[in-house]
Structures are given as C-alpha cells and as structure tokens.
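Below, each chain spelled out in residue letters.
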Amino acid sequence: MKLSQLLTVAGLLGTFIINAEAQLQVQTKNGMVEGIENSGIRIYRGIPFAQPPVGELRWKAPQPPMDWKGVLKADKFGAMAMQNKIFGDMGFRATGMSEDCLYLNVWTPEGAEPGSLPVLIYFYGGGFQAGDGSEDRYNGESMAHRGIVAVTVNYRLNIFGFLAHPLLTAESEHVASGNYGLLDQNAALKWVAANIKDFGGDPERVTIAGESAGSISVSAQMASPLSKDLINQAIGESGSFWSSFGVMPHAQAEQIGTAFFTGLGANTLEDMRAIPAEELLAALMKPGAAWFSPTVDGYFFPESPIKVFKEGKQADIPLLAGWNNQEMDARFLLADKTMTVENYEAAVKQRFPEYADELLKAYSAASDAEVETVARNLASDTWIAFSTWKWLDAHAAATDQPVYRYYYCRARPAMRPEFGNAQSGLAGGVVEGDEKAPPAPAARGAVHSAEIEYCMGNLERNKVFDWTPDDYRVSATMQAYFANFIRTGNPNYYTLPNWPEMNADPEISQYMQIDVKSESKKDSHADRYEVLEKVFGHLE
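Because the structure is predicted, anything quoted here is derived from the model rather than measured.

Cut-offs and rules
- Residues numbered from 1 in each chain as written.
- Predicted model: local features only at pLDDT ≥ 70, side-chain atom pairs only at ≥ 80, totals over all residues.
- Heavy atoms only, no water.
- Pairing = 2+ DSSP bridges.
- Helix = DSSP H or I, 4+ residues; strand = E, 2+ residues; numbered from the N terminus.
- Axes fitted to C-alpha atoms, helices over the stretch in contact; angles between N-to-C directions.
- Salt bridge = Lys/Arg side-chain N within 4 Å of Asp/Glu carboxyl O.
- Buried < 20%, exposed > 50% of the residue type's maximum accessible area, 1.4 Å probe, protein only.
- Phe/Tyr/Trp six-rings, centres within 6.5 Å; stacked < 30°, edge-to-face > 60°.
- Lys NZ or Arg CZ within 6 Å of the ring centre and 35° of its normal.
- Parallel < 35°, antiparallel > 145°, perpendicular 65-115°, else oblique.
- Contact = heavy atoms within 4.5 Å.
- Left-handed = near helix turned anticlockwise from the far one by under 90°.
- Nonpolar A, V, L, I, M, F, W, Y, C, P; charged D, E, K, R; others polar.
- Right-handed = clockwise from strand over helix to strand, strands pointing away.
- Polar contact = N/O pair within 3.5 Å; in protein donor to acceptor, adjacent residues only side chain to side chain.
- Expected span 1.5 Å × (residues − 1).
- Arc of directions from axis to C-beta.
- pLDDT = per-residue confidence, 0-100.

**Brief notes about the sheet that holds strand β17 (residues 510–514)**
Pairing between the strands of a sheet is mediated by backbone hydrogen bonds and can be parallel or antiparallel.
Now for step 1: In spatial order, the strands read β3-β4-β6-β8-β7-β9-β10-β13-β14-β17-β18; together these 11 strands make up an open sheet with mixed pairing. Two strands lie at the open edges of the sheet, namely β3 (36–38) and β18 (519–522), each paired on one side alone. Ignoring which end each strand starts from, the neighbouring axes of this sheet average 25° apart.
Now for step 2: Looking at chain direction, strand β14 (residues 403–408) and β17 are connected through three bridges and run parallel. Within β17, the position partnered with Tyr 406 by the bridge is Met 512.

**A closer look at the pattern of salt bridges**
Now for step 1: All told, the structure shown has 23 salt bridges when counted by the stated rule.
Now for step 2: Close ionic contact of Lys 313 with Glu 303 constitutes a salt bridge, the shortest N to O distance being 2.6 Å. One end of the pair, Lys 313, is in the loop between α10 (305–310) and β13 (319–324); the other, Glu 303, is in the loop between β12 (295–296) and α10, with 10 residues separating them in the sequence.
Now for step 3: Measuring nitrogen to oxygen at the nearest pair gives 3.0 Å for the salt bridge that ties Arg 405 to Asp 523. Separated by 118 residues along the polypeptide, Arg 405 in strand β14 and Asp 523 in the loop between β18 and α17 (526–535) bring together distant segments of the chain. Comparing Arg 405 with Asp 523 shows no difference in burial state: the two are buried.
Now for step 4: One continuous salt-bridge network, built from bridges that share partners, spans Arg 93, Asp 136, Glu 141 and Arg 461.

**Focus: the packing of aromatic side chains**
Now for step 1: The full count for this structure, using the stated rule, is 26 aromatic pairs.
Now for step 2: Ring geometry for Phe 386 versus Trp 389: centroids 5.8 Å apart, planes at 35°, classification tilted. Of the two residues, Phe 386 and Trp 389 both sit in helix α14 (residues 368–398), three residues apart, roughly one turn of that helix.
Now for step 3: With relative accessibility at 2%, the residue Phe 386 sits in the buried group.
Now for step 4: For the ring pair Tyr 407 and Tyr 511, a centre distance of 6.0 Å and an interplane angle of 80° mean the geometry is edge-to-face. Within this pair, whereas Tyr 407 is found in strand β14, its partner Tyr 511 is found in strand β17, the two being separated by 104 residues in sequence.
Now for step 5: Overall, the relative accessible area of 10% leaves Tyr 511 in the buried class.
Now for step 6: Aromatic ring contacts, followed pair by pair, group Trp 323, Phe 386, Trp 389, Tyr 407, Tyr 511, Tyr 529 and Phe 536 into a single cluster.
Now for step 7: Here the guanidinium or amino end of Arg 58 rests over the ring plane of Trp 59, the centre of that ring lying 5.1 Å away.

**Points about the packing of α14 against α17**
Now for step 1: For the pair α14 and α17, interaxial distance at closest approach is 10 Å and the crossing angle is 85°. Taken together, the axis directions place α14 and α17 in an arrangement best described as roughly perpendicular. Where α14 abuts α17, its residues Asn 377, Asp 381, Thr 382, Phe 386, Trp 389 and Lys 390 lie against Arg 528, Tyr 529, Leu 532 and Glu 533.

**A short note on the packing of helix α5 (residues 180–195) against helix α6 (residues 213–223)**
Now for step 1: As a packed pair, α5 and α6 sit with axes 11 Å apart at the nearest point and diverge in direction by 70°. In terms of axis orientation, α5 runs roughly perpendicular to α6. The interaxial crossing formed by α5 with α6 has right-handed handedness. Between α5 and α6, the residues in contact are Leu 182, Gln 185, Asn 186 and Leu 189 and Ser 217, Ala 220 and Gln 221, respectively.
Now for step 2: Of the residues belonging to the contact of α5 with α6, the class tally is three nonpolar, four polar and no charged.

**Notes on the pairing of strand β9 (residues 201–211)**
Now for step 1: Most of β9 sits inside the fold, with eight of its 11 residues counted as buried.
Now for step 2: The sheet contact formed by strand β7 (residues 117–123) and β9 spans six bridges and is parallel. Each residue of the ladder has a partner; that of Val 119, found in β9, is Val 206.
Now for step 3: Examined bridge by bridge, β9 and strand β10 (residues 233–237) share five bridges and lie parallel to one another. Bridged to Gly 210 within β10 is Gly 236.
Now for step 4: This β-α-β element, β9 to α6 to β10, shows right-handed connectivity.

**Concerning the side chain of Thr 108**
Now for step 1: Secondary-structure assignment places Thr 108 in strand β6 (residues 103–109).
Now for step 2: Take Thr 108: its relative accessible area is 0%, and that puts it in the buried class.
Now for step 3: Polar contacts involving the side chain of Thr 108 include one to the main-chain carbonyl oxygen of Phe 199, which spans 2.6 Å.
Now for step 4: Thr 108 has contacts with Gly 40, Ile 41, Arg 42, Tyr 44, Ala 144, Val 149, Phe 199 and Gly 200, leaving out every residue within four places of it along the chain.

**Re the sheet that holds strand β5 (residues 71–73)**
Now for step 1: With mixed pairing, three strands are arranged side by side in an open sheet as β1-β2-β5. Each edge of the sheet is formed by a strand with only one pairing partner; in this case those strands are β1 (25–27) and β5. Between one strand axis and the next, the sheet turns through 30° on average, direction left out of account.

**Quick word on the environment of Pro 500**
Now for step 1: In this fold, Pro 500 is placed in the loop between α16 (469–488) and β17.
Now for step 2: Given the relative accessible area of 11%, Pro 500 is considered buried.
Now for step 3: It is 8.9 Å that separates the C-alpha atoms of Pro 500 and Arg 405, two residues lying 95 residues apart in sequence.
Now for step 4: Apart from the residues within four sequence positions on either side, Pro 500 is in contact with Tyr 404, Gln 510 and Ser 520.

**Regarding α16**
Now for step 1: With 20 residues, α16 should cover 28 Å at 1.5 Å per step; its first-to-last C-alpha distance of 28 Å lies within 8% of that length.
Now for step 2: In the segment just after α16, Gly 489 is the residue with positive phi, at about 80°.

**Quick notes on helix α9 (residues 277–284)**
Now for step 1: Of all the residues in α9, the buried ones are Ala 277, Leu 280, Leu 281, Ala 283 and Leu 284. Looking straight down α9, one finds its buried side chains confined to an arc of 160°; they lie on one side.
Now for step 2: The elements touched by buried residues of α9 are α3 (158–162) and α7 (250–263).

**Considerations on the confidence of the model for the protein**
Now for step 1: Across the protein, the average pLDDT comes to 92, with 91% of residues at or above 70.
Now for step 2: Low pLDDT, under 50, characterises residues 12–18; the predicted model gives this stretch zero contacts beyond four residues in sequence or across chains.

Structure below.
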C-alpha cells in the first residue's frame, strides 16, 4: 500500500474514533461526560452528582456538584461509601473506598432519542451500613436492552450517612441532623431530573426501586416532601420504614450520636470531623457499638413517615412491592434449640409475651414436623415481610393509584461445585465456610435478596449458582413484569399471567406468586398481619 493510501486509511480511522467518542459524549449541567459502549448499550460510570462530602462537608446535606472543564471520562465506577465488611458476600467493582463517594452510573440504549425512554433509579441494600452501586447484581445493562435508562446511585452509609448529633442540628440551616444518606438519594433524583433527558431518559417517567435498605429508601423517598414530586412510580423489594429498624425519633438518635463521640473523647464538631474515617469505621465494629440509621430529623422527614402515609400525604404514584418466602430462617426464633412444638411455643412466648397467644394461633404448628415452616414464616414476617405488607396496605388505603403485590418463591439452585461448602449470605452472595464442614443444606425457599439477579436480568453475572433453564424462565418473567411496570405503571403484558391489583377484589387481597409457574393468588393469611399490626403498633 502506498504512503498516500496509508495516510488516507489512518485519517479515516482517526475520524471514526473521533466520531465514536463524540457519540458517547453527553453534555450535563456541570460538564461533558464520555462513556463507553458495550453490545449496543452506552454506559456512564462514576458521574458526580454532588460535591465530595469531606472535610467541612462531612455530616452536611449534599451540595450541588462543581462544574468541570473538558471531558470527564466516565469509564470507571467511583469509590464506594465508607463501610465495614459486615456482609462477606458483597462483590464490588468500585475504585476503592472513600468519603468521596457521591457518584452515579447510567446505562442507556445506543441511539436513544433525548427524553424518549422511561428511567429506573435503583438504590442498593445493605442495612444502611454497606453496599454500592457497582455491584454486579444491580447492573443496568439488561434493563437498558429492554428500552429503559437504568441508574444506580451511591449514598452515604452508617455513621457517615446517618449520624444525628445536637451540635450538627445546631449547625444546620434546617435545624436537622442525620439522614444524609437519604438526602444523597434526593440529590441524585434532582440530578436525574436535570440531566437524564440527554441520556435518553424521560424525567417525567422516573421509577425508583430498591431491595432491603434500598426498599426502605424507596418508601422513605415517597414519604419525604423533598422527593415525592421527583418520582412517578415505585418498586420495593423486601422492606419499608414500618419495620423495627426503620426510622427512630430524633431525640433518641441524637443521644446515640452523643454517646458515641463522648466515648471517643470528641466534644466539638472540629474534633468529630478531625477523626479519620478509618478510625470511625473501626469504632463501629467494637462490641455494643451504635447502629446508625434513618431518623425523623425535621427536614427530610418533617414528621413520621408512618403519619404521612396514614394521612395520604406521600407521593401519589403507582406502587409495586413484595417479599420472598424465606426472608429469614427459623433459627432466627429458635436459635440452636431442637425444632419441636414445645420449643417453638416457648420461643414465641419469650420474644412476644404480650401477643404470644394470638401469634401462636395465627402461626400454629400442630406437630414437630411443621415447626420449621411455621417458625420460618413468623421469623420472615416479623423481620421484614410485615413491613412491606403494611406499606402496600397503607398506600392502597390512601390513594386511587394501582398497587401490586408479589410473593417471590423461586429458591436458588445449587452452587457450582467449585464453591464447595460455602453458604448463602444475607446480602445475596456467598460466605466461605469451613473446609472440613459438610456442605450447607439447600435453601427451602427464596432467601433474602435472592430475587435481585432475577428481576434485573443479571443471572449470568452471578457465577456462584448453577443456573438452570427454569431459573432463566423465572428471571424472564419477573424482569418482564418489572420492565412493564417501569414503562407503564402496570406490570401486565398479554403474554404473561395476569397480575391483578392488590385490592381489585374488595373482599380479599390478591398477589402474584412468582415462581417457575407464576400465578395470581388470594391472600389466605390476613389473620397474621392483623396480629402483627398489634405487635408493631408502637411504631405508629
């Protein structure tokens, strides 16, 4: 080939590269970002949606991001929020860990017209103590292939995200402290409202979703006056603030924060902010250390979110939510006791002395053989299922918007042989077991967080389990329901089993049981929730 021809080819190649880069560039309100492309999906990782909450911004509401010059290469996930490894089964792709963690990620179909597609914003779980938007199970590529702009969001955790303290309250222009992690989520919602159109997303068609603490976050954003007008639909997977670890009174939260820093010898804001982040994390791991979580702070929550839902002041939007059939194991109640009727009844009387008779009637075990199932149902309901049911029930009572309930029952398959005797972890992955111990027994149902890879279409990203054709069928069904809801506010499509609204029949609640054979069913356990409303009445 002649030199002139080589130069022509090189020039054409250079032009192609420049054009390809230009197609991946999006102008945001703060500057240009450039993503990457994979299989027809444009991916933007690590976009800042707020200023780094470091130094004087530690324990302050998120501040709008600073403008930048040039092109920001959005090809790597940002740092994950400060956290201890309390869930040994979480897998991150983040670039390290830092207080500088307020970044989000966007997946969008190549060629999407500005403002043309529905948007999904997913909040991760982890008890408000751990988690990250880079986790593979939340990956948005599969949803993007279904014509949805998917977004994952980082938010501050544990003491960095939920510290309430009198000195912080006095310093705040809103006379409020705590809930910084929820305010981070609100800042991400504002960023989406301002910027998502140029990524192909419609800011008037935004669905927020999440699992566990992420689901509690969804219920919280619906209740907050700061966020309720920024969202159009909501999906919750296992949890709401109606649980015993939901939202605590602010005075109590301030007492916890004060005691924590008194123990560290820090009596001023300067002292508190001078403590290295790693030292704060280490202090959280000491026996009896505080557990920092959302509070009724007077700003994000001007009043109890439960009161908000009771009075119908929450976001007036369609809601789809549900839980799994093995959210918690029977050992949650019985510990190491033999599973007999006698031990089961004794455990219930010890844990719920005031309501034991009613609970034992609603969760009755007629024989020792029934104890494990009955105890598992009670443990699952008291831990997280009741809170999800109550959220659905309260929203349905206060709005004319459609409400859809699911019950997820597909147990994961066996782990791949190379994982030997590993055990399923509470956060969704696996925890290494003792090499000499026998393999852990298979789950009897869908454990907490097991549905995430299915509903997000990410089974192949989880290399732990030996997925079967049935698992892929369940995933296709569940993801289709979710995607239809994100697009239209209704999960139904003519090829899927009909999913009725929860209160379509005024006589009895209905739900969709999702499994290899998915079908709508009528609730036969209303008596359980009636008793649990009494048990958890103190939350109201």
